[in-house]
Amino acid sequence: MTSKFGLSVALATPFHENGNIAIEVMIAQARRCLAAGCSSVTLFGTTGEGSSIGNGERERVLSAFLDAGIAPGNIIAGVLVDAAEDAATQAGQALSLGARNILLAPPSYFKNVSDDGVFQWFSAVFALLGDKARDIIVYNLPSVTMVPLTVSLIGRLKAAFPNIVTGVKDSSGDWPYTESLLKAHNDLIILVGDERHLAKAVRLGGQGAISGMANFAPRELRPLAEEGKDDVRIENMVVELLKHPVIPAVKAMIARTTSEETWIAVRPPLISISGEARAQLALAFDHLFRSKAA
């Protein structure tokens, strides 16, 4: 590995009043984040409400990004579905277009499943992908999926699919787990989703982050993701975001930093946060960063 993964923005997805994706607004946001130093954009992840975006929409967005001149090597595609066939379809679609990586979450409808079952699901996805399978970052987000990826399971996947499973995004928010992951699998690209733990993870060998906060504070986050530099402002801003439903809160901050109200909308079952909550976040951001724009 010649360079670190760096900072990828977990790109939010803007919606028009009719519920359709505002693709041009989304592309403009991707360009802003790349210009601010993000190494890539991650589409259809958790912050991007990827579980609410269908295959046809994904294809239109990916095609539009490429047509707009955003290099496929700067694109990561999230896959957040339960059926192995659907996961392979979505991953294969992005990989065929040259996407840098796939961020692949485990199936999450069934709870209390075993490591063996989850291993078999990933195996089925890779078998369906066939020769297309490459550069898979498995996604540990147990607070949402309720399906944790244990350190030993990741070891099994790494051993069974050494040229396919190349990384882990850990959004557990559980530092002892993150630390054990870094110690056991430092030959993988280890990314941290909880920005409060990002800098110390990078100092222990982490490769960077796929971050929702990078939508509105990319310059502030880069030193954490690339150099492992602590920044208490980032940690405190995470605390402020967690006082609200996080995805609508992040989108509210994008709306504020871009002055584009399109960003306020979320897709059901999510609901936008109130004007009062938006004002609280804006006040916290100004207090922490003393700036109206990231």
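Residues numbered from 1 in each chain as written. Predicted model: local features only at pLDDT ≥ 70, side-chain atom pairs only at ≥ 80, totals over all residues. Heavy atoms only, no water.

J.: Any details on the pattern of salt bridges? Residues and values, ideally.
T.: Enumeration over the complete set of coordinates arrives at 14 salt bridges. In this structure, Arg-267 engages Glu-57 in a salt bridge whose closest nitrogen and oxygen atoms are separated by 2.9 Å. One end of the pair, Arg-267, is in the loop between helix H11 (246-258) and helix H12 (275-289); the other, Glu-57, is in helix H2 (residues 55-67), with 210 residues separating them in the sequence. By relative accessible area, which is 17% here, Glu-57 ends up buried. (Salt bridge = Lys/Arg side-chain N within 4 Å of Asp/Glu carboxyl O. Helix = DSSP H or I, 4+ residues; strand = E, 2+ residues; numbered from the N terminus. Buried < 20%, exposed > 50% of the residue type's maximum accessible area, 1.4 Å probe, protein only.)

J.: Could you give an account of the packing of aromatic side chains, naming the residues involved and the relevant values?
T.: Overall, the coordinates contain seven aromatic pairs when judged by the stated rule. Residues Tyr-109 and Phe-110 carry aromatic rings whose centres are separated by 5.3 Å and whose planes lie at 90° to one another, so their mutual orientation is edge-to-face. The residues Tyr-109 and Phe-110 share a single accessibility class, namely exposed. Centre to centre, the rings of Phe-126 and Phe-161 are 4.9 Å apart; their planes meet at 70°, and the pair counts as edge-to-face. Of this pair, Phe-126 sits in helix H4 (residues 115-129) while Phe-161 is found in the loop between helix H6 (151-160) and strand E6 (165-170), placing the two residues 35 residues apart along the sequence. Judged by its relative accessible area of 3%, Phe-126 is buried. (Phe/Tyr/Trp six-rings, centres within 6.5 Å; stacked < 30°, edge-to-face > 60°.)

J.: Which residues make up the pairing of strand E2 (residues 40-43), and what are the values?
T.: The alternating pattern of E2 places Ser-40 and Thr-42 and Val-41 and Leu-43 on opposite faces, both of which are buried. Considered for its hand, the β-α-β crossover made up of strand E1 (residues 6-10), helix H1 (residues 23-35) and E2 is right-handed. Considered for its hand, the β-α-β crossover made up of E2, H2 and strand E3 (residues 75-79) is right-handed. (Right-handed = clockwise from strand over helix to strand, strands pointing away.)

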